[in-house]
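# Residue-level structure breakdown
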Amino acid sequence: MARRNFNLASIPLVIESSGRKLPGRANQALIGCGLLLLLPLILITCGRAPEGVPREPADPSRLTLYFNGTILTMTEGQPQVEGMAVRGEKIEATGSDEEILALKDGAAALIDLDGRVLMPGFVDAHTHLLNDHRSQGLSLDEAQYQALKNGITSLGTLYVDESFLREIQTFDESGFLRVRSGLYLVASDPCGSEKGAWWKEHPPSRVPGEMLRINGVKIFADGGSCGRVALSFELQPGQGTGDLWFTQDELQAMVAEVDAAGYQAAIHAIGDRAVVQALDVLETVLAGRPNTLHHRMEHVSVIPPEQIARFGELGIVPVLIGEYPSCTPYGPPIPGQYAQMEWPWRALREENPGLPLAWHTDVPFQSPNPFDHLLGFATRLDTAGRAVCPPAEALLDDTLPVEEALSMMTIQSAYALGRDEEVGSLAPGKYADFIVLAANPLSVEPAKLAENRVLLTVVGGRTEYCWPASQELCPGFANRTAVPLPDLRPPTAVRWLAAALLLFLPLAAMATRRRYASHMQPISGFSGILAGAIWLALLFMSFFPLWNEDTSMLLLTLPAFLMAVGTTGIAALWRRGWFGTLALWLALLGAIAFSESSVVSGWFRNDLGWGLFILGLLGHAIGLILFGSVNLRGRVFPRWNALPLIVGLLVLLPLASSSMLPESSDWPIRMLLGVLGGGWLVIGWLTIQAPRDSSHEQMNDAEQVVL
Ligand SMILES: [Zn+2]
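All of these numbers come straight from a predicted model, not from anything done at the bench.

### Some remarks on the overall build of the protein
- Counting its regular elements, the protein contains 18 helices and 18 strands.
- In the protein, once contacts between residues fewer than 6 apart in sequence are set aside, the share between residues at least 24 apart is 76%.

Next up, the structure:
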């Protein structure tokens, strides 16, 4: 019986206007429409705040003499001195107090270190502090400030896609970048899907002292960030041995391409199967050549004992975590007979003398505080959550001397980033990237290593951070406030007004149904068409580099708001039956939640916003499906009457597919934009066309009950 009016396939594309009049108060309707559009339009006129504060290079003639300190140079000839002279952005001399103070000229600034430790800034060879800044609720400026406060003066960003590359390059070109950054462009994602050779369009650079540099290419050999790490044994019976993403030949082809193009390869390999595969691949690719590009391996958590010396033989840099997760182990412990394969840091050091071993925080996965990692390297104690947790029995003795750990966390990590000639140690001619500490890590009780703090951070001769209680180290310097994420939301008053309007419209529709319908029909119709057009424009934009998270989130708000307005008009046209009204209310509430997820709760930057977005989308889809199924008889839309049902069903498709497609795929959102765009374009048009004479009210009540 429902098929009687189901005529989607045979719709004439002719606007049937005979016998219909424009609403009596068309002018007022258009004015109302304009007013309605005004609100969301305010959303996109909000300006963007500046994203950083330009960095001015150090005055090249300015001489600063640091004396009376314990200076850990991380050089072999002169590991410890008393003083250091800095001119402009570089170190001029290191030596005894006498030697340094003899350099004093009229304008020199003298800083008495009062016995405190001055050492090279920490070099975090692998972090996501910058590329992941949004999901941590930080602006790029706040993220880099966090590094600088922690004494990190150089870092490697190990997940750079095209959109982050554009963002950080713009940030650097504006002079906002204050921490030396090396970028690793992704050739494959954490789930092992290849992302093509897009990185070839962005050549690596090696300009000494540059703040931003493209270092190399990141390849994921096994799971860990997605799926399971690839082991040669089962962690738990029946669990399998994890995910190795590529065959030997596939990985070899990728690494050979990276090597031939002159980029450094950074291969993520956690489990022993991945580690061995990556070593084999690198051995084949290098074919006896020295590793001049400093190809490196990330995490290398499980290494079979007979493989340890291969790192030194091939010159491959292992990038190691220092904060061993004793408090919160990542998974079940490694079975006893394999336990010695996990985290064999001391064996790596002893079997590979002369090979740089790099350190990484892998923020946000581990602590951003280098002292937590120093404690881990030296004692295997973990301070996560303040409780100090001892390591597993098998790992107790696998520690490194503090001097060695500090060297790994500075000069050896600088090698991993290809900057060991520029930074990482304190020697004449090198860039003045250094920090001053509250306590001497070489003399502090090992269990208290993590209680240390950074008092001063200097990058390229410029003070970037100074602990407020240590002003004597930075006379005249005031810490700046990092520029937060731009708040793209409209002013609070506008948000409340929009929310009130969205609440008022359905209430008005309920109370004055007939009159409301005649006023709202053109408004909601136009709103629907406009929403559809914007969705389609966004779909178009998503294929071009115009697309970035902030603009897309901002723009999503506008059509979602219009969609909500569009839904109220249909609700008003639906004159009978609680079921259809309920369905429309669901669709409306869904659209509101969808819109509010970005407006109220901050652009998906938190779980609440994301939850609202999904709930809103689901509600809207279910509402359209319910309304569409009762409208199969053409009660509101006599033509294309199954369209709402189809749109509702199609909206569910991208929601379902997003769990099947790779994490980084843009297709679910494109599908969504396409479905909502095409769907609402037609729904809006149908709303304007919907007859206001109530011929359908002549349906008998028995039919109503069936629905
Ligand atoms: Zn990582």
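### A closer look at a nonpolar patch on the surface
- Together, Leu586, Leu618 and Ile622 make up a nonpolar patch on the protein surface, roughly 200 Å² of accessible area in all.
- Looking at the element boundaries, leucine 586 is found in helix α14 (residues 578-599).

### Here we look at the coordination of the zinc ion
- With distances of 2.0 to 2.2 Å, the protein atoms coordinating the zinc ion are His126 (NE2), His128 (NE2) and Asp362 (OD).
- We note that the donor set of the zinc ion lies within a single chain, spaced as H-x1-H-x233-D. Summarising the burial analysis for this pair, histidine 126 and histidine 128 share the class buried.

### Concerning the state of the cysteines
- Within the structure shown, the criterion is met by two disulfides.
- Between the sulfur atoms of cysteine 191 and its disulfide partner cysteine 226 the distance amounts to 2.2 Å. Every disulfide takes its handedness from the sign of the S-S torsion; for cysteine 191 and cysteine 226 that torsion is 110 degrees, giving right-handed. With cysteine 191 in the loop between β10 (180-186) and β11 (212-220) and cysteine 226 in the loop between β11 and α5 (248-260), this residue pair connects regions lying 35 residues apart in the sequence.
- You can call cysteine 191 partly exposed: its relative accessible area is 21%.

### Here's the deal with the sheet that holds strand β1 (residues 63-67)
- Strand order in the open sheet formed by four strands is β5-β4-β1-β6, and the pairing between neighbours is mixed. If you trace the sheet from one side to the other, it starts and ends with β5 (90-95) and β6 (109-112), each paired once. Across this sheet, the average inter-strand angle for adjacent strands is 15 degrees, counted without regard to direction.
- Pairing between β1 and β6: four bridges, direction parallel. Its bridge partner lying in β6, threonine 64 is registered against alanine 109.

### Some points on the sheet that holds strand β7 (residues 117-120)
- Spatial strand order, β3-β2-β7-β16-β17-β18: six strands in an open sheet with mixed pairing. Whereas interior strands pair on both sides, the edge strands pair on one side only; in this sheet they are β3 (80-81) and β18 (462-466).
- Pairing geometry for β7 and strand β16 (residues 434-437), over four bridges, is antiparallel. Pairing of leucine 118 across the sheet is with valine 436, part of β16.

### Describing helix α9 (residues 370-379)
- Across the ten residues of α9, ten count as buried, placing the element largely inside the fold.
- Every buried residue of α9 is accounted for by Pro370, Phe371, Asp372, His373, Leu374, Leu375, Gly376, Phe377, Ala378 and Thr379.
- Its side-chain oxygen 2.9 Å from the backbone nitrogen of phenylalanine 371, asparagine 369 forms the N-cap of α9.
- One or two positions beyond α9, positive phi appears at arginine 380, with a value near 70 degrees.

### Section: the environment of proline 318
- Mapped onto the elements, proline 318 comes out in strand β14 (residues 317-321).
- Residue class for proline 318 comes out buried when judged on its relative accessible area of 0%.
- Taking C-alpha positions, proline 318 is 8.0 Å from proline 356, a pair spaced 38 residues apart along the chain.
- Excluding anything up to four places from it in sequence, proline 318 contacts Met297, Val300, Phe311, Leu348, Leu355, Pro356, Leu357 and Ala358.

### Some words on the confidence of the model for the protein
- Here the protein shows a mean pLDDT of 82. Residues at 70 or above account for 79%.
- Below pLDDT 50 for its whole length, residues 1-26 participates in 39 contacts with residues either more than four positions away or in separate chains.
- Below pLDDT 50 for its whole length, residues 694-707 participates in 23 contacts with residues either more than four positions away or in separate chains.

### A few points about the packing of helix α3 (residues 140-149) against helix α4 (residues 162-173)
- For the pair α3 and α4, interaxial distance at closest approach is 11 Å and the crossing angle is 75 degrees. In terms of orientation, α3 and α4 fall into the roughly perpendicular class. Together, Leu140, Asp141 and Gln144 of α3 and Phe164, Glu167, Ile168 and Phe171 of α4 make up the contact between the two elements.
- Looking at the contact of α3 with α4 residue by residue, the class counts come to four nonpolar, one polar and two charged.

### Digging into the packing of aromatic side chains
- Summed over all chains, the structure comprises eleven aromatic pairs.
- Taken together, a centroid distance of 6.3 Å and an interplanar angle of 75 degrees make the contact between tyrosine 145 and tyrosine 465 edge-to-face. Taken together, the residues tyrosine 145 in helix α3 and tyrosine 465 in strand β18 connect sequence positions 320 residues apart.
- Exposure remark for tyrosine 145: the relative accessible area of 11% places this residue in the buried category.
- A relative accessible area of 6% means that tyrosine 465 is categorised as buried.
- Site record: aromatic cluster; members linked through ring pairs are Phe122, Trp359 and Phe371.

### Some points on the nonpolar core
- Counting residues in each nonpolar core, the largest one holds 91 residues, and the members touching the most others are Met297 and Phe311.
- Looking at this core element by element, the count peaks at eight residues for helix α6 (residues 272-286).
- Setting aside chain neighbours within four positions, we find phenylalanine 311 in contact with Val275, Leu279, Met297, Val300, Ile303, Ile316, Pro318, Leu348, Asn352 and Leu355.
- Within the second largest apolar cluster, 33 residues are counted, among which are Met541, Ile570, Leu673 and Ile683.

### Some details on the pairing of strand β8 (residues 122-127)
- With six of six residues buried, β8 lies mostly within the body of the structure.
- Where β8 meets strand β9 (residues 152-160), four bridges bridge the pair, whose relative direction is parallel. Note on β9: the bridge partner recorded for aspartate 124 is leucine 155.
- Each parallel crossover has a hand, and for β8 linked through α3 to β9 it is right-handed.

### Overview of the side chain of glutamate 210
- Relative to the helices and strands, glutamate 210 resides in the loop between β10 and β11.
- Judged by relative accessible area, glutamate 210 falls into the buried class, the value being 16%.
- Within the structure, glutamate 210 has its side chain in polar contact with the side chain of arginine 213 (distance 2.8 Å).
- Residues within four places of glutamate 210 in sequence aside, it is in contact with Arg180, Ser205 and Arg419.

### Remarks on the pattern of salt bridges
- In total, this model carries 17 salt bridges according to the counting rule given.
- Glutamate 464 is the salt-bridge partner of arginine 55, the closest N and O atoms lying 3.7 Å from each other. Of the two residues, arginine 55 is situated in the loop between α1 (26-45) and β1 and glutamate 464 in strand β18; the sequence distance between them amounts to 409 residues. Considered together, arginine 55 and glutamate 464 belong to a single accessibility category, that of buried residues.
- Across the pair glutamate 472 and arginine 116 runs a salt bridge, and its minimum N-O distance is 3.1 Å. Taken together, the residues span a long stretch of sequence, with glutamate 472 in the loop between β18 and α11 (492-511) and arginine 116 in the loop between β6 and β7 at a distance of 356 residues.
- Judged by its relative accessible area of 42%, glutamate 472 is partly exposed.
- Look at the salt bridges and you will find they share partners, linking Arg55, Arg178, Arg462 and Glu464 into a network.

Rules of the game
- Residues numbered from 1 in each chain as written.
- Predicted model: local features only at pLDDT ≥ 70, side-chain atom pairs only at ≥ 80, totals over all residues.
- Heavy atoms only, no water.
- Helix = DSSP H or I, 4+ residues; strand = E, 2+ residues; numbered from the N terminus.
- Contact = heavy atoms within 4.5 Å.
- Patch = residues over 30% accessible without salt bridge, like charges linked within 9 Å, V, L, I, M, F, W, Y side chains within 5 Å.
- Areas by Shrake-Rupley, 256 points an atom, 1.4 Å probe, with all protein chains shown as cover.
- Salt bridge = Lys/Arg side-chain N within 4 Å of Asp/Glu carboxyl O.
- Donors = N, O, S within 2.8 Å, 3.2 Å for Na, K, Ca; no water.
- Buried < 20%, exposed > 50% of the residue type's maximum accessible area, 1.4 Å probe, protein only.
- Disulfide = S-S within 2.5 Å.
- Pairing = 2+ DSSP bridges.
- Axes fitted to C-alpha atoms, helices over the stretch in contact; angles between N-to-C directions.
- Polar contact = N/O pair within 3.5 Å; in protein donor to acceptor, adjacent residues only side chain to side chain.
- pLDDT = per-residue confidence, 0-100.
- Parallel < 35°, antiparallel > 145°, perpendicular 65-115°, else oblique.
- Nonpolar A, V, L, I, M, F, W, Y, C, P; charged D, E, K, R; others polar.
- Phe/Tyr/Trp six-rings, centres within 6.5 Å; stacked < 30°, edge-to-face > 60°.
- Core = buried A, V, L, I, M, F, W, Y, C linked by side-chain atoms within 4.5 Å.
- Right-handed = clockwise from strand over helix to strand, strands pointing away.

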